[in-house]
Amino acid sequence: LKLLGKKECDLESRWIGKKSNNRCKEFLELVRKARLGSHDYNEYPFEDSQVWQLYDRLQRETGRIDFDTMLLLFAENVLSDERLAKQFHERYTHVVVDEYQDNSQMQALMLKRIVKRGCLTVVGDDDQCIYEFRGASPGNFDRLKEEFAKKNIAVQEEVLIDNHRSSKNVLTVASAFLEGDKRRHPKTLRPTKPEGPPVEVWECSSQTQQAKQIVAGMIKRHEDDRIRWKEMAALFRCLKMGGNGSLTTHLQKELAEKKVPFVVVGGKSIFERASVRDLVAYLQLSIRRSPNDKAFTRSINQPPRRLPKDKVIPIIKEFLDGNTMRKEGDKLTSITFLQEAAKVMVEKNVGLTTSRHNALSEFLAQIGTYQGKLNIMSLPDLLKYLWKETGLSEFYKTKNKVKASDNDEDDESDDEDDQSVGEKEQETEEDDDDGDECGDESDSNKSGAVMPALPKSVVTSPVKARHAEAANPYKVERVYYPEEISLLIELAAQHVDDWNKREEILRDSKSIPSLLDLTRKVVLENRAAYALESLPDHIVDEIVLAPAALGRSVVDEFLAGIMLQHSTVEDQPHAFADDNKVTISSVHRAKGLEWSDVYVPYLNEEFLPTSCREGEVPLRHVSNCNAIIGGKCDKECAAYFASMAAEERGGPEERHLNEERRLAHVAATRAKEKLVFLSVDGVYSRKERKFSTVSKSSFLDNIREHVTIVNKR
């Protein structure tokens, strides 16, 4: 409205206040569904219609248009111009549309204008219609035939049943998922491949065991049958779900522990969440004599410390460009890193305001303190120390708790309705993880009380956090650990265990300890008393610390493993086609792709299939209904429009369940050879902070006679 030059609006009260986000979502859902159904303004109550028209006017006057408006403008404006339409039709005499089952009515309108004087071929599979939340419908092919029948235009139909991807056993199970859909056009896929291995359903006790079984199965196939990592995938109905949070975390952790490379399609791996990247940046800065410009830039104002990087970093870079040498005693040394340049700026007190100079000086002093801990703390303890002392713990506690309090009313439906679990799974996950709170001494104690949300006005800094602690010396210290940070610390502990096992094997190969071994033992037992930083790095690290799983070598190897897992793919499957990595993806993102081995976790009720949740949006009304002019509905419009939809596609629950069947079918047909479904007995809800049992999927009844059920508990 401000872009339109309006200072006030009689509808403003609807969009301000505590619940404004919910109202905006409600309105956008109205517009989305109305456009997908090709509805008109006058089919909605006056206020809803007025806001809708304002929204359309805003787009047209500012040139900021959404996807549906782009289609509409093309169909109504470009193709309505006779001269332009003639040129378009003369240039494109034949049109081919792939994946036609995923077209919305808006796209169908555009297509009708495009092929007005040409020939049309559409290709698709109504059994793979899994985008109803975008307006797609399995009935698209029937409507197309009806449209051309009205114009007395013959339609030639060919049913392609030969399947060249999947084995016979995979196709049998995939087809069985669809048997409950009474409205589909039946067709039987004919395999061109041999029978293949039997399809299995693995029954697991927990999410952790489910992840372990998947990874163990992948490793066995990789080692025994030489199946490449890139030929394996784990496909989820959705990547995260309501109070259960991220459904892929357990699998990511297990893959990382077993050093299996993986890529997350359409989501963020635990290593790419902002909190993890911040902590890793500080870990990189803690390595002495190894400046890192990327880590320095990321950490300089994270958490906020009056050093905005868009202002301060350019100043440091400018100083570095003009000062490539510094004097240390009688020697000149080169300056090549931002951290070195910042140190010189602080020493000379140049280039920054007093407040920024003081903040930068304190930041550099903190880095020096962190570097002093590298040689005396184990990697997990160092991560815990950095997480607390840098102020990241307080920063993310404030950020995540405030966000959680703002979204309390939405939390149940954020990821469970059709649009959320299908289309919105690509949203970043770091802000949606509530995290667990535990004492500093134990990572496994995750039952501590949740700290109350801090007000938005609070800006947490390491200094303020320490002052708050000093004010109450008798307070029991609790440190906030989001789920991804807890997992990072667990992975660090596993890395140290693996390192120690290697060193133990090496020590066992020696019958008598050498003088070096005895010297190393004395140094390690008294390392806090020695000035180890004065010794050459290679002596301290490789000879003294590394055998005890301490120091730079341990951290470097851990960081190298993390860097290998930095691989999120957004809507570009081809980007990782040449990478030999296991794929983690939602079923929606996997459509059109294929793998040798496919694992489908959570074959459980509420997960696959998910429950039906109809969004509460303003109702559509017939033209002579009192609701159109602000009164109460007197024509039973809800029942009327519901009956129209049910006549064509069934009621909401039936439509939802049929799409869930098609999703299971699509997941199964991604597999070429090996297909495994997994179920769990219970899941942990981070929102309720407790474990709860879950039922087996009702879909299991459809496939039971075609699969081998394996108890993996």
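Here, residues in each chain are numbered from 1, in the same order as that chain's written sequence. Residues qualify for local features only when their pLDDT is at least 70, as the model is predicted, and side-chain atom pairs are given and counted only at 80 or more; totals for whole chains, interfaces and linings, by contrast, use all residues. As a rule here, side-chain values come from all non-hydrogen atoms in the structure, and water together with hydrogens is ignored.

### Focus: the overall build of the protein chain
Consideration 1: If you tally the helices and strands in the protein chain, you get 26 helices and 20 strands.
Consideration 2: A 1.4 Å probe rolled over the protein chains alone gives each residue an accessible area, and that area as a share of the maximum for its type sets the label: buried under 20%, exposed over 50%, partly exposed in between. The buried share of the protein chain, reckoned over its 713 residues, is 47%.
Consideration 3: With residues, only the protein chains shown are counted as cover, and all accessible areas are computed by Shrake-Rupley using a 1.4 Å probe. Element-wise, carbon and sulfur atoms account for 51% of the exposed surface of the protein chain, whose accessible area totals about 36200 Å². Runs of E in the DSSP output that reach at least two residues are strands. Runs of H or I that reach at least four are helices, and both are numbered from the N terminus.

### Things to note about the pairing of strand 9 (residues 262-265)
Consideration 1: The alternating pattern of strand 9 places F262 and V264 and V263 and V265 on opposite faces, both of which are buried.
Consideration 2: By the bridge criterion, three bridges tie strand 9 to strand 15 (residues 582-586) in an arrangement that is parallel. Note on strand 15: the bridge partner recorded for V263 is T583. Note: two strands are recorded as paired if DSSP finds a minimum of 2 bridges between them.

### A look at the environment of D40
Consideration 1: Note on placement: D40 falls in the loop between helix 1 (20-36) and helix 2 (46-62).
Consideration 2: Sequence separation between D40 and R620 is 580 residues; the distance between their C-alpha atoms is 9.7 Å.

### Details of the packing of helix 10 (residues 274-285) against helix 15 (residues 379-389)
Consideration 1: The angle between two axes is taken between their N-to-C directions and runs from 0 to 180 degrees, where each axis is a line fitted to C-alpha atoms and a helix contributes only its stretch in contact. Axis separation between helix 10 and helix 15 bottoms out at 10 Å; the angle between their running directions is 110 degrees. Classified by the angle between their axes, helix 10 and helix 15 sit roughly perpendicular to one another. When helix 10 is examined against helix 15, the residues S275, L279, Y282 and L283 are found in contact with a partner set consisting of L379, L382, L383, L386 and W387.
Consideration 2: Note that Gly is not counted as nonpolar here; it falls among the polar residues with everything else outside the nonpolar set of Ala, Val, Leu, Ile, Met, Phe, Trp, Tyr, Cys and Pro and the charged set of Asp, Glu, Lys and Arg. For the contact of helix 10 with helix 15, a count of residues per class yields eight nonpolar, one polar and no charged. For this classification, under 35 degrees means roughly parallel, over 145 means roughly antiparallel, 65 to 115 means roughly perpendicular, and everything else is oblique. Note on contacts: a residue pair qualifies if any of its non-hydrogen atoms lie within 4.5 Å across the two residues.

### A short note on the pattern of salt bridges
Consideration 1: Here a salt bridge means any side-chain nitrogen of Lys or Arg lying within 4 Å of a carboxyl oxygen belonging to Asp or Glu. Here the structure, examined in full by the defined rule, presents 38 salt bridges.
Consideration 2: A salt bridge links R183 to E654; its shortest N-O distance comes to 2.9 Å. Within this pair, whereas R183 is found in the loop between helix 7 (168-176) and strand 4 (190-191), its partner E654 is found in helix 25 (residues 652-668), the two being separated by 471 residues in sequence.
Consideration 3: Its relative accessible area of 31% is what places E654 among the partly exposed residues.
Consideration 4: One salt bridge in this structure joins K220 and D224, with 2.9 Å as the shortest N-O distance. Of this pair, K220 and D224 both sit in helix 8 (residues 207-224), four residues apart, which is roughly one turn of the helix.
Consideration 5: Salt bridges sharing partners connect three or more residues here, namely D125, D126, D127, R184 and K187.

### Focus on the nonpolar core
In globular proteins that are soluble, nonpolar side chains generally tend to be buried together.
Consideration 1: Counting 94 residues, the largest nonpolar core has F296, I316 and L360 as the members making the most contacts within it.
Consideration 2: Once you skip the residues sitting within four places of it in the chain, F296 turns out to touch L285, I313, I316, L338, Q339, A342, L360, F363, L364 and I367.
Consideration 3: Residues A136, V201, V600 and L675 belong to the second largest nonpolar core, which totals 33 residues. By nonpolar core is meant a set of buried Ala, Val, Leu, Ile, Met, Phe, Trp, Tyr and Cys residues that side-chain atoms within 4.5 Å join together.

### Concerning the confidence of the model for the protein chain
Consideration 1: A score between 0 and 100, pLDDT records how confident the predictor is in each residue. For the protein chain, per-residue confidence averages 78 on the pLDDT scale, and 75% of positions sit at 70 or higher.
Consideration 2: Low pLDDT, under 50, characterises residues 407-476; the stretch is placed with 159 contacts to residues that sit more than four places away or in other chains.
Consideration 3: For the stretch residues 569-577, pLDDT sits under 50, and the model shows 15 contacts to residues farther than four places along the chain or on other chains.

### Things to note about the side chain of E200
Consideration 1: Within the secondary structure, E200 sits in strand 5 (residues 200-204).
Consideration 2: Given the relative accessible area of 18%, E200 is considered buried.
Consideration 3: Here a polar contact is recorded for every N or O atom pair within 3.5 Å, except that within protein the pair must consist of a potential hydrogen donor and a potential acceptor, and residues adjacent in sequence are included only if both atoms are side-chain atoms. Polar side-chain contacts of E200 include one of 2.8 Å to the side chain of W202.
Consideration 4: Among residues more than four places away in sequence, those in contact with E200 are K674, L675, V676, F677, T708 and V710.

### Quick word on the packing of aromatic side chains
Consideration 1: Here is the rule: rings of Phe, Tyr and Trp (six-membered ring for Trp) pair when centre to centre is within 6.5 Å. Planes less than 30 degrees apart are stacked, more than 60 are edge-to-face, and the remainder are tilted. Summed over all chains, the structure comprises 15 aromatic pairs.
Consideration 2: For the ring pair F296 and F363, a centre distance of 5.6 Å and an interplane angle of 45 degrees mean the geometry is tilted. A residue pair is termed long-range when its members are at least 10 positions apart, and F296 in helix 11 (residues 293-299) and F363 in helix 14 (residues 354-373) qualify at 67 residues. The same class applies to F296 and to F363, which are both buried.
Consideration 3: An aromatic cluster is built from F74, F88 and Y92, whose rings are joined through pairwise contacts.

### Details of the environment of G245
Consideration 1: Following the sequence through the fold, G245 ends up in strand 8 (residues 245-246).
Consideration 2: In contact with G245, other than residues within four places in its own chain, are L239, K240 and R686.

### Here's the deal with unusual backbone geometry
Consideration 1: Between Q302 and the following residue, P303, the backbone shows a cis peptide bond with an omega angle of 0 degrees.
Consideration 2: Within the secondary structure, P303 is located in the loop between helix 11 and helix 12 (309-322).
Consideration 3: The linkage connecting L608 with the following residue, P609, adopts the cis geometry, with an omega of 10 degrees.
Consideration 4: Among the secondary structure elements, P609 is positioned in the loop between strand 16 (595-600) and helix 24 (637-649).

### Quick look at helix 6 (residues 140-150)
Consideration 1: Turning to helix 6, its buried residues number three or more, namely N140, F141, L144 and F148. Projected down its long axis, helix 6 carries its buried residues within an arc of 100 degrees, all on one side.
Consideration 2: Turning to helix 6, the residues buried within the fold contact strand 2 (119-122). The arc under discussion is defined with respect to the helix axis, by the directions toward the C-beta atoms.

### Observations regarding the packing of helix 3 (residues 67-78) against helix 5 (residues 105-114)
Consideration 1: Two numbers describe how helix 3 lies on helix 5: the axes approach to 9 Å, and their chain directions differ by 25 degrees. It follows from the interaxial angle that helix 3 and helix 5 lie roughly parallel. As for how helix 3 packs across helix 5, the hand of that crossing is left-handed. Judged by residue contacts, F67, D68, L71, L72, F74, A75 and E76 of helix 3 engage M106, Q107, L109, M110, R113 and I114 from helix 5.
Consideration 2: By residue class, the composition of the contact of helix 3 with helix 5 is nine nonpolar, one polar and three charged. Left-handed describes a crossing whose near helix is turned anticlockwise from the far helix by less than a right angle; the clockwise case is right-handed.

### Points about the environment of F177
Consideration 1: Tracing the backbone shows F177 in the loop between helix 7 and strand 4.
Consideration 2: Sequence-wise, F177 and L700 are 523 residues apart; in three dimensions their C-alpha atoms are separated by 8.6 Å.
Consideration 3: The contacts of F177, once residues within four sequence positions are left out, are R661, A664, H665, A668, F677, F699 and I703.

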